Amino acid sequence: QVQLVESGGGLVQPGGSLRLSCAAPRASGTFFSISAVGWYRQAPGKQRELVATITSGGSTNCADSVKGRFTISRDNAKKTVDLQMNSLKSEDTAVYYCYLRLGIDYWGKGTLVTVSS
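Keep in mind the model is a prediction, meaning the values are calculated, not measured.

1. Overview of the packing of aromatic side chains
Thought 1: The full count for this structure, using the stated rule, is four aromatic pairs.
Thought 2: Taken together, a centroid distance of 5.3 Å and an interplanar angle of 75 degrees make the contact between tyrosine 40 and tyrosine 99 edge-to-face. Within this pair, whereas tyrosine 40 is found in strand E4 (residues 36–42), its partner tyrosine 99 is found in strand E9 (residues 94–102), the two being separated by 59 residues in sequence. Neither residue differs from the other here; tyrosine 40 and tyrosine 99 are each classed as buried.
Thought 3: Geometrically, the ring pair formed by tyrosine 40 and tryptophan 107 is edge-to-face, given 5.2 Å between the ring centres and 70 degrees between the ring planes. Linking tyrosine 40 in strand E4 with tryptophan 107 in strand E10 (residues 104–107), this pair joins segments that are 67 residues apart in sequence.
Thought 4: The buried category is assigned to tyrosine 40, whose relative accessible area is 18%.
Thought 5: Here a set of aromatic residues connected by ring pairs shows up, and it is made of Tyr40, Tyr99 and Trp107.
Thought 6: Lying over the aromatic face of tyrosine 97, arginine 48 brings its terminal NZ or CZ to 3.8 Å of the ring centre.
Thought 7: The cationic tip of arginine 48 hangs over the ring face of tryptophan 107; the distance from NZ or CZ to the ring centre is 4.8 Å.

Encoded structure:
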């Protein structure tokens, strides 16, 4: 059973930064390293949307709305995937979900990010 645990959410003012982290403590190192991992988010009243993803080979993809502001990275030795979020805007307010994809998708429970003054 793959368990994904997110951390790092919270309240931040517009223009501020947060770093989200997702760990897969029960996954084997090999399983994690060959999986695609990333982040989705869901704002109140909206559908879940892709934020950023990183493949097993290290290729990244970000939503247009966060390009230039968010950076995704992974550490296969630690079995973690991080999302560095800079220049945050009120419209970034959402629950952020970590996922891991290898044939099927595994999801974390989410961490709330609130951008407000």
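Alright, that's what it looks like, and here's the rest.
2. Structural notes on the side chain of aspartate 82
Thought 1: Mapped onto the elements of the fold, aspartate 82 is located in strand E8 (residues 80–85).
Thought 2: A distance of 2.8 Å separates the side chain of aspartate 82 from the side chain of serine 21, its partner in a polar contact.
Thought 3: Ignoring any residue separated from it by four or fewer positions in sequence, one finds aspartate 82 in contact with Arg19, Leu20, Ser21, Cys22, Trp39, Thr71, Ile72 and Ser73.

3. Some thoughts on the pattern of salt bridges
Thought 1: Counted under the stated rule, the structure contains six salt bridges.
Thought 2: Between aspartate 82 and arginine 19 there is a salt bridge whose closest N-O contact spans 3.2 Å. Placement of the pair is aspartate 82 in strand E8 and arginine 19 in strand E3 (residues 18–23), with a sequence separation of 63 residues.
Thought 3: Given the relative accessible area of 15%, aspartate 82 is considered buried.
Thought 4: We note a salt bridge from aspartate 92 to arginine 41, for which the minimum N-O separation is 2.9 Å. Of this pair, aspartate 92 sits in the loop between E8 and E9 while arginine 41 sits in strand E4, and the two are 51 residues apart along the sequence. Both residues of the pair, aspartate 92 and arginine 41, belong to the buried class.

4. Examining unusual backbone geometry
Thought 1: Look at lysine 79: it is not a glycine, yet its phi comes out positive at around 60 degrees.
Thought 2: Within the fold, lysine 79 resides in the loop between strand E7 (70–75) and E8.
Thought 3: When its relative accessible area of 17% is taken as the criterion, lysine 79 is described as buried.
Thought 4: Not every positive phi belongs to a glycine, and serine 87 is a case in point at roughly 50 degrees.
Thought 5: Summarising the element assignment, serine 87 is placed in the loop between E8 and E9.

Parameters at a glance
Residues numbered from 1 in each chain as written. Predicted model: local features only at pLDDT ≥ 70, side-chain atom pairs only at ≥ 80, totals over all residues. Heavy atoms only, no water. Phe/Tyr/Trp six-rings, centres within 6.5 Å; stacked < 30°, edge-to-face > 60°. Helix = DSSP H or I, 4+ residues; strand = E, 2+ residues; numbered from the N terminus. Buried < 20%, exposed > 50% of the residue type's maximum accessible area, 1.4 Å probe, protein only. Lys NZ or Arg CZ within 6 Å of the ring centre and 35° of its normal. Polar contact = N/O pair within 3.5 Å; in protein donor to acceptor, adjacent residues only side chain to side chain. Contact = heavy atoms within 4.5 Å. Salt bridge = Lys/Arg side-chain N within 4 Å of Asp/Glu carboxyl O.

Spatial relationships are all this shows, so hold off on functional conclusions.
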